[in-house]
Amino acid sequence: MEKWASQKKEELENLRRNEAFRKEFLLNLSHELKTPIFAVQGYIHTLLDGAIDDPAVNKVFLKNATKNIDRLCRLIDDLDEISKLESGEMTINKEQFVIQDLIRDVFDTLSIKAKQKDIKFSIKKGCEAPVHVYADKEKIRQVLINLIENSVKYGKPDGQTIASVYNMDGKRALVEISDTGIGMAEEHLPRVFERFYRTDRARSRDIGGTGLGLAIVKHIVEAHDQTINVRSKVEVGSTFGFTLELGRENLL
Ligand SMILES: Nc1ncnc2c1ncn2[C@@H]1O[C@H](COP(=O)(O)OP(=O)(O)O)[C@@H](O)[C@H]1O
Ligand SMILES: [Mg+2]
């Protein structure tokens, strides 16, 4: 009887927590939608009220409106991805591939953004020997894009992003993405994987962040039954590390 009671109590506790999460999520979501929609509304109304004939501002206002529409599109894309991941609709299609090849691919994809901030990409010395992993390549590409994009966005100019790959225990590989960026204070670390959590809302928004990137990363890693963690120091940099199943190729 006592066991049953404590079980029920736990269930209720869980329901309450889920309900609180749901409320917080909706509150955050409406706030995230409001900001760009109100901005677009403001620019369009001002244009219609006469600014359209003022060559000093008409193009600027249109450009600003477009920027906010682009923000909304990114937000919708990320929300789409999250809801697919959360509803369990996402299927994981595993294959064997060399993780360093995928990292180099993503480095190439993001090289323009990195150059703009003079940030150098590299694979850590001693981590070049090909490590075969068994995972969903396109989903892991998304994980790497989100982490490496953050390393640039929150990186300091003239800095570095270094990827390292280790064979942990003959079963799993550890992939780490380290940067020399602004870092994060200890108190933020347990929360950065939450939807819409940001250490600096204004800065993240300015650089086009939706606040959903790391939530997506965590979902994908956990859908692989693997783990992700973060270490960071303010003004020194951050390291995000996640595990992957090793491919059989390594054992041959
Ligand atoms: N490499 C990093 N260095 C410092 N802060 C980071 C880093 N990656 C993520 N963060 C912090 O975690 C927050 C959540 O990241 P993310 O989910 O990718 O959202 P977004 O980049 O859209 O803001 C960011 O707003 C930022 O405050
Ligand atoms: Mg991000």
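Now for a description of the structure that goes with this document. Note that the structure is a prediction, hence the values are computed from the model and not measured. (Residues numbered from 1 in each chain as written. Chains lettered and ligands numbered in written order. Predicted model: local features only at pLDDT ≥ 70, side-chain atom pairs only at ≥ 80, totals over all residues. Heavy atoms only, no water.)

With respect to the overall build of the protein chain
- Helix and strand content of the protein chain: seven helices and seven strands.
- Beginning at the N terminus, the succession of helices and strands in the protein chain can be written as α-α-β-α-α-β-β-α-β-β-α-α-β-β.
- Counting only C-alpha atoms, the protein chain reaches 70 × 60 × 35 Å along its principal axes.
- Taken across its 252 residues, the protein chain has 40% of its residues classed as buried.
- Sequence-distant contacts, at least 24 apart, represent 76% of the contacts inside the protein chain between residues at least 6 apart.
- Summed over all atoms, the accessible surface of the protein chain reaches about 15,200 Å², with 54% contributed by carbon and sulfur.
- Of the charged side chains in the protein chain, 39 are positive and 40 negative, and the gap between their average positions amounts to 2 Å. (Helix = DSSP H or I, 4+ residues; strand = E, 2+ residues; numbered from the N terminus. Buried < 20%, exposed > 50% of the residue type's maximum accessible area, 1.4 Å probe, protein only. Contact = heavy atoms within 4.5 Å. Areas by Shrake-Rupley, 256 points an atom, 1.4 Å probe, with all protein chains shown as cover. Lys, Arg positive; Asp, Glu negative; His and termini not counted. Charge placed at Lys NZ, Arg CZ, Asp CG, Glu CD.)

Notes on the site of ligand 1
- The local shell around ligand 1 holds 19 residues, among which Asp179, Thr199, Ser204, Gly211 and Leu214 are the closest.
- Tyrosine 154 is positioned with one of its side-chain polar atoms (N or O) 2.9 Å from an oxygen atom of ligand 1.
- Residue threonine 210 places a main-chain N or O atom 2.9 Å away from an oxygen atom belonging to ligand 1.
- Taking 530 Å² as the accessible area of ligand 1 by itself, protein coverage stands at 98%.
- Judged by the fraction of its atoms near the pocket grid, ligand 1 is located in the largest pocket.
- Those elements that provide at least two residues to the shell around ligand 1 are helix 5 (137–153), helix 7 (213–223) and strand 7 (237–245).
- Along the lines of polarity and charge, the residues of the shell around ligand 1 split into seven nonpolar, nine polar and three charged. (Near = heavy atom within 4 Å. Polar contact = N/O pair within 3.5 Å; in protein donor to acceptor, adjacent residues only side chain to side chain. 1 Å grid on protein atoms, 1.4 Å probe; cavity = no way out; pocket = protein on both sides within 12 Å on 5 of 7 lines; lining within 4 Å. Sits in = over half its atoms within 2 Å of the grid points. Nonpolar A, V, L, I, M, F, W, Y, C, P; charged D, E, K, R; others polar.)

Some details on the packing of helix 2 (residues 58–86) against helix 7
- As a packed pair, helix 2 and helix 7 sit with axes 10 Å apart at the nearest point and diverge in direction by 25°. When the axis of helix 2 is compared with that of helix 7, the two are roughly parallel. Considering how the two elements wind past one another, helix 2 and helix 7 form a crossing that is left-handed. In this structure, helix 2 contributes Asp78, Glu81, Ile82, Leu85 and Glu86 to the contact, and helix 7 contributes Ala215, Ile216, His219 and Ile220. (Axes fitted to C-alpha atoms, helices over the stretch in contact; angles between N-to-C directions. Parallel < 35°, antiparallel > 145°, perpendicular 65-115°, else oblique. Left-handed = near helix turned anticlockwise from the far one by under 90°.)

Overview of the packing of aromatic side chains
- Inspection of the entire model under this criterion finds four aromatic pairs.
- The interplanar angle of 20° and the centroid separation of 5.9 Å between the aromatic rings of phenylalanine 25 and phenylalanine 196 together place this pair among those described as stacked. In this pair, phenylalanine 25 is assigned in helix 1 (residues 2–48) and phenylalanine 196 in the loop between strand 5 (172–179) and helix 6 (201–206), connecting sequence segments 171 residues apart.
- Relative to phenylalanine 61, the ring of tyrosine 43 lies with its centre 5.4 Å away and its plane at 45°, an arrangement referred to as tilted. Of this pair, tyrosine 43 sits in helix 1 while phenylalanine 61 sits in helix 2, placing them 18 residues apart in sequence.
- One Lys or Arg, arginine 195, reaches over the ring of phenylalanine 25 and ends 4.0 Å from the middle of that ring. (Phe/Tyr/Trp six-rings, centres within 6.5 Å; stacked < 30°, edge-to-face > 60°. Lys NZ or Arg CZ within 6 Å of the ring centre and 35° of its normal.)

So, the nonpolar core
- Ranked by size, the top nonpolar core spans 53 residues in total, and within it Ile99, Ile103, Ile140, Leu144 and Phe242 carry the most contacts.
- Among the elements that take part in this core, helix 5 stands out by supplying seven residues, more than any other.
- Those residues within four positions of isoleucine 140 in sequence are excluded, and the remaining contacts are Phe97, Ile99, Leu102, Ala135, Ile220, His224, Phe242 and Leu244. (Core = buried A, V, L, I, M, F, W, Y, C linked by side-chain atoms within 4.5 Å.)

A closer look at the environment of isoleucine 92
- Of note, isoleucine 92 is situated in the loop between helix 2 and strand 1 (95–98).
- Separated by 131 residues in the primary sequence, isoleucine 92 and alanine 223 have C-alpha atoms spaced 7.5 Å apart.
- Setting aside residues up to four positions removed in sequence, isoleucine 92 forms contacts with Asp136, Ala223 and His224.

Some words on the pattern of salt bridges
- According to the stated counting rule, one finds 17 salt bridges in the structure shown.
- Here glutamate 86 ties to arginine 195 by a salt bridge, and the two come within 3.0 Å at their closest N and O atoms. A residue pair is termed long-range when its members are at least 10 positions apart, and glutamate 86 in helix 2 and arginine 195 in the loop between strand 5 and helix 6 qualify at 109 residues.
- We classify glutamate 86 as partly exposed; its relative accessible area is 41%.
- Taking relative accessible area as the criterion, arginine 195 reaches 25% and is therefore assigned partly exposed. (Salt bridge = Lys/Arg side-chain N within 4 Å of Asp/Glu carboxyl O.)

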